[in-house]
Amino acid sequence: MATTKAIELEGEEWRDVLPMEKSSHNSVRIKIPSTTASSSTNYDESDDPFGKSSFQKNLASTIEACRELGKSSLWVEVPMDRASLIQDMKEFGLRFHHAFDETAVLNIWLLEDSESKIPEFATHNVGVGAVVVNSRDEILLVRELRKNYMPWKTPTGITELGEQLDEAVTREVMEETGIETTFHSILGFRQTHGLKHGRSDLFFVCRLDPKEVVDSTTGNVVMPEPVPQENEIERAEWIPLKDYLAMIHDEKTGGHPTMRHIMNVFDEGRKIEKLVVESVVPGRKPNTIYFPTGQKD
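Keep in mind the model is a prediction, meaning the values are calculated, not measured.

### Considering the overall build of the protein
When helices and strands are tallied, the protein shows six helices and 17 strands. On C-alpha atoms alone, the protein measures out to a radius of gyration of 27 Å, which is more than a quarter above the 19 Å that the 2.2 N^0.38 rule sets for 297 residues. Principal axes of the C-alpha set define a box for the protein whose edges measure 85 × 45 × 45 Å. For the protein, the residues scored as buried account for 40% of the 297 residues in total. Contacts in the protein between residues far apart in sequence, at least 24 positions, make up 61% of those at least 6 positions apart. Total accessible area on the protein is roughly 17800 Å²; 50% of this is exposed by carbon and sulfur atoms. Averaged over its 34 positive side-chain charges, the protein has a centre that lies 3 Å from the centre of its 50 negative ones.

### Points about the side chain of Ser200
Counting through the fold element by element, Ser200 comes out in strand E12 (residues 200-210). Separated by 2.7 Å, the side chains of Ser200 and His193 make a polar contact. Once residues lying within four places of it in the same chain are set aside, the contact partners of Ser200 are Thr123, His124, Asn125, Thr192, His193 and Gly194.

### Focus on helix H5 (residues 241-248)
Burial in H5 covers these residues: Leu241, Tyr244, Met247 and Ile248. In a view along the axis of H5, the buried residues occupy a sector of 120 degrees, so they form one face of it. On the buried face of H5, the contacting elements are strand E9 (138-144), strand E15 (233-240) and helix H6 (257-268).

### Quick notes on the nonpolar core
One recurring pattern in soluble globular proteins: nonpolar side chains tend to sit buried together. Membership of the largest hydrophobic core comes to 23 residues, with the highest contact counts inside it found for Ile32, Leu74 and Met89. Of all the secondary structure elements, the ones that give two or more residues to this core are strand E4 (27-31), helix H2 (55-68), strand E5 (73-79), helix H3 (85-90) and strand E7 (103-109). Beyond its immediate stretch of four places on either side in the chain, Met89 contacts Ile32, Phe55, Leu59, Val76, Val78, Leu94 and Leu106.

### Comments concerning the sheet that holds E7
In spatial order, the strands read E3-E4-E5-E7-E6; together these five strands make up an open sheet with mixed pairing. Pairing within the sheet leaves two strands with one partner each, and these edge strands are strand E3 (21-23) and strand E6 (95-100). Looking at each pair of strands side by side, their axes are set apart by 30 degrees on average, direction ignored. In this structure, E6 lies alongside E7, joined through five bridges in antiparallel fashion.

Scoring rules and cut-offs
- Counting from 1, residues in each chain are numbered in the order their sequence is written.
- Reporting of local features is limited, given that this is a predicted model, to residues whose pLDDT is at least 70; pairs of side-chain atoms are given and counted only at 80 or more, and all residues count toward the totals for whole chains, interfaces and linings.
- With hydrogens and water stripped out, all remaining heavy atoms of the structure feed into the side-chain values.
- Numbered from the N terminus, helices here are DSSP runs of H or I no shorter than four residues, and strands are runs of E no shorter than two.
- For this measure, only C-alpha atoms enter the radius of gyration; the expected value for a globule follows 2.2 Å times N^0.38, where N is the number of residues.
- Relative accessibility under 20% of the residue-type maximum defines a buried residue, over 50% an exposed one, and the middle range a partly exposed one, all with a 1.4 Å probe and only protein chains included.
- Residue contacts are defined here by distance: any two heavy atoms, one from each residue, within 4.5 Å place the two residues in contact.
- Per-residue and other accessible areas follow the Shrake-Rupley method at a 1.4 Å probe size, with only the shown protein chains counted as cover for residues.
- We treat Lys and Arg as the positive residues and Asp and Glu as the negative residues; His and chain ends play no part in the count.
- Just so you know, the charge point we use is NZ for Lys, CZ for Arg, CG for Asp and CD for Glu.
- Identification of polar contacts relies on pairs of N or O atoms within 3.5 Å, with a donor-acceptor requirement for protein atoms, meaning one able to donate a hydrogen and the other able to accept it, and with residues adjacent in sequence counted only if both atoms are side-chain atoms.
- Each direction from the helix axis to a C-beta atom contributes to the arc, which is the arc of those directions.
- Note on terminology: a nonpolar core comprises buried Ala, Val, Leu, Ile, Met, Phe, Trp, Tyr and Cys residues joined through side-chain atoms within 4.5 Å.
- Criterion used throughout: strands pair if DSSP finds at least two bridges between them.
- Throughout, an axis means a line fitted to C-alpha atoms (over the contacting stretch in the case of helices), and angles, computed between N-to-C directions, take values from 0 to 180 degrees.

Listed below in structure tokens is the structure:
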């Protein structure tokens, strides 16, 4: 049977525990290496603390050690090629939390005298929409290849992991229409529940300014022509703003209640601006905050 080396944790030596590292909120994390990363022609299961023959014993010792040390939770990252170990973890009360790439993440709350404080993973999706109005009083609109609830809509999309709102919305407009823009402000946002995968949704509607070019010969503004995104967008056009306002206010069809309020904010020049400030947490990146300025354009 495999034996494990003594591991120092919180100033004490523990035997038959799995390699682990401290994590946030008084937790510890175990990262099980893949068999590919640990394989070699000289592989000896007795040197592998995650070997099938000794894993249950080592996991039991690890959970006991963590509880003695007063740790709040234990997290285990399991690569796909070690999935057979998950059945052993189930016996000790570990449960799935989330997955990424080829790795599943399981956890267990260790403080038996208190309820679990482990939050659910990814409770919200974050979406963005763009109101882009040019100097000719035209608004940039698209018609998707599928699921068009109205004749036209503003460009929309989902933020990527680690992406700022202003980055996401300018990227989505470029991808869907080919129009280059700069972020101006947030006009408003809405929260909806029970959408994709049962998650909630935060949707931020932003005001963007199109980058217009002035003809050096005539002095006239040269408006860039939208190019619809292949396989996603059927049409992308500059539509007279008055026509879009008539559509969202149409009493016969019901119009678009959310965009009616958003365009009222746009018309009144109200806005929520972006500001980057330093974090008070040492080592953390600067924070991006959005706040109403009280000023109108």
